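Summary of the model geometry
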Amino acid sequence: MKNPLTVKINDHLTYIGVNDRYTHLFEGMWPLPDGVSYNSYLLDGGDEVCLLDCVKIPSIDEFLSNIRAVLGDRDLDYVVVNHMEPDHTSSLPVLVERFPNIKIIGNKKTKEFLNNYYDLTENIIVVKDGEEVKIGNTSLTFYTTPMVHWPESMVAYEKSEGILFSQDAFGGYGTLDGPIFDDEINFDFYKDEIIRYYTNIVGKYSVQVVRALDKLKDLDIKMICPDHGMVWRKNPSVIVDLYAKLSKQETENGVLLVYGSMYGHTEKMAEMIARSMADEGISNIRIRNISEYPLSNLIAEAWRYRGIILGCPTYNVGLFPPMHHLVWDLGKQKMKNHTFGYFSSYSWGGGAEKEFAAFAEKSKWEILETKPNVKGALKEEDIEDCIQLGKEMAAALKEHYPEEYK
Ligand SMILES: Cc1cc2nc3c(=O)[nH]c(=O)nc-3n(C[C@H](O)[C@H](O)[C@H](O)COP(=O)(O)O)c2cc1C
Ligand SMILES: [Fe+2]
Ligand SMILES: [Fe+2]
């Protein structure tokens, strides 16, 4: 029966992925307002057929129907597991049951994970870095990309057509709403969701991303088939360049100012610092209330802007809890190229300022001198401190982007 949900990429390759508009939080914590796709591909080598990556288990019926639509009554010979995260493997045990002759292609680490997660120990082909495996009249070459973003992560390359199956790399949030190819889609629809995906999921491993990009640079890549988001058949360099830019952590002129506040005093400090920066000629300022704005977007914005200013009240001798979460995550991100300022408030012994200071010391960022810390309501000298912090951030931005202030 005809199944228009499978999309022919070329004579021997078909898209058989699925959309997920049910999961609200990716990995249980990252909002998915536009959903996400789990991409999967069927490579037909004539007398042998290979599946590349699977989908998340709730979509198993659609997935099997897509596979059947392309295979007819032929058998499935191989399944490549480029990445073990269950959004791509939780349907694998069902697949193995349906196609008992199937051979699973993975690396040494994948083998361990297959056993650990799914008790799968047989019919596994273990490939080494750079190894080529014949799939009928075509072949796949595998390159390990450790920690992009799991230890077993690898990519597969089909050299006859120059296709890279890149697993999570070069992917993004967002379902494929009809069109699946880069030349059919308005990239602006996806760009912010790709950046948010990168910064939420892959960003912490940017060093490994740079390493992977370097390792793949000599391949003649004509098309990229990732595990999430659009298929890059026309201009794969667009997504490679975006990932390269993000992984090198090039920041832009602007400030993300995040505050937490229960009764408005710390919020007032935030507004004053922002006004002070504006008085000094800084335009790109985002003030975000940490209790109202998703952590996922805050992380994406923190990646983007050179300036980061955080402020919150003391809460039980430490940071306001939502700020604690943000600071914890930023501490894991290993971000570079930032100028950092912080401010705090308290009523008796304080404590938030100490935790900000400890975070600042651990970071490799440029730290601003003035750290307003207000007891209760703002006094004259507190206002002066806020203005001073704003001036210091403005001066730093002017130093880093002199050409923008001529
Ligand atoms: C639940 C709670 C816990 C607090 N814990 C502390 C604390 O441990 N030490 C301290 O100096 N102030 C503490 N404070 C006081 C706040 O830091 C202070 O009221 C601050 O001005 C609140 O800022 P805001 O108006 O921006 O919410 C606490 C306040 C609340 C409501
Ligand atoms: Fe993943
Ligand atoms: Fe994934």
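Residues numbered from 1 in each chain as written. Chains lettered and ligands numbered in written order. Predicted model: local features only at pLDDT ≥ 70, side-chain atom pairs only at ≥ 80, totals over all residues. Heavy atoms only, no water.

With that settled, consider the coordination of the iron ion (ligand 3). Around the iron ion (ligand 3), the protein supplies Asp87 (OD), His88 (NE2), Asp168 (OD) and His228 (NE2) as donor atoms, at distances of 2.1 to 2.5 Å. Every donor counted, the four donor atoms about the iron ion (ligand 3) form angles of 86 to 173° at the centre, which fits irregular coordination. Expressed as a motif, the donor residue spacing for the iron ion (ligand 3) is D-H-x79-D-x59-H. In this structure the iron ion (ligand 2) is found 3.3 Å away from the iron ion (ligand 3), and Asp168 serves as a bridging donor for the pair. (Donors = N, O, S within 2.8 Å, 3.2 Å for Na, K, Ca; no water. Tetrahedral: all angles 85-135°; square planar, octahedral: opposite > 155°, others 65-115°.)

Binding of the iron ion (ligand 2) to the protein goes through His83 (NE2), Glu85 (OE), His149 (NE2) and Asp168 (OD), at separations of 1.9 to 2.2 Å. If you list the donors of the iron ion (ligand 2) from N- to C-terminus, the spacing comes out as H-x1-E-x63-H-x18-D.

Turning our attention to the site of ligand 1. What surrounds ligand 1 is a group of 17 residues, the closest being Ser261, Met262, His265, Thr266 and Val317. At 2.6 Å, a backbone N or O of Val317 approaches an oxygen atom of ligand 1. Residue Trp348 places a main-chain N or O atom 2.9 Å away from an oxygen atom belonging to ligand 1. Calculation on ligand 1 without its partners gives an accessible area of 650 Å², and the protein chains cover 86% of this total. Where the shell around ligand 1 is concerned, the elements lending two or more residues are α8 (265–279), β19 (305–315) and β21 (339–346). Among the elements that line the shell around ligand 1, the one with the most residues is β19, at three residues. Taken together, the residues of the shell around ligand 1 sort by class into seven nonpolar, ten polar and no charged. (Near = heavy atom within 4 Å. Polar contact = N/O pair within 3.5 Å; in protein donor to acceptor, adjacent residues only side chain to side chain. Areas by Shrake-Rupley, 256 points an atom, 1.4 Å probe, with all protein chains shown as cover. Helix = DSSP H or I, 4+ residues; strand = E, 2+ residues; numbered from the N terminus. Nonpolar A, V, L, I, M, F, W, Y, C, P; charged D, E, K, R; others polar.)

When the domains of the protein are assigned, the result is domain 1 (7–247) and domain 2 (256–396). Taken together, the contacts link eleven residues of domain 1 with twelve residues of domain 2. Inspection of the domain 1/domain 2 interface yields zero salt bridges. Considering every element that reaches the side of domain 1 that touches domain 2, the biggest residue donor is helix α5 (residues 187–202), with four residues. Taken together, the residues of the side of domain 1 that touches domain 2 break down into five nonpolar, four polar and two charged. (Domains from an automatic or database assignment. Contact = heavy atoms within 4.5 Å. Salt bridge = Lys/Arg side-chain N within 4 Å of Asp/Glu carboxyl O.)

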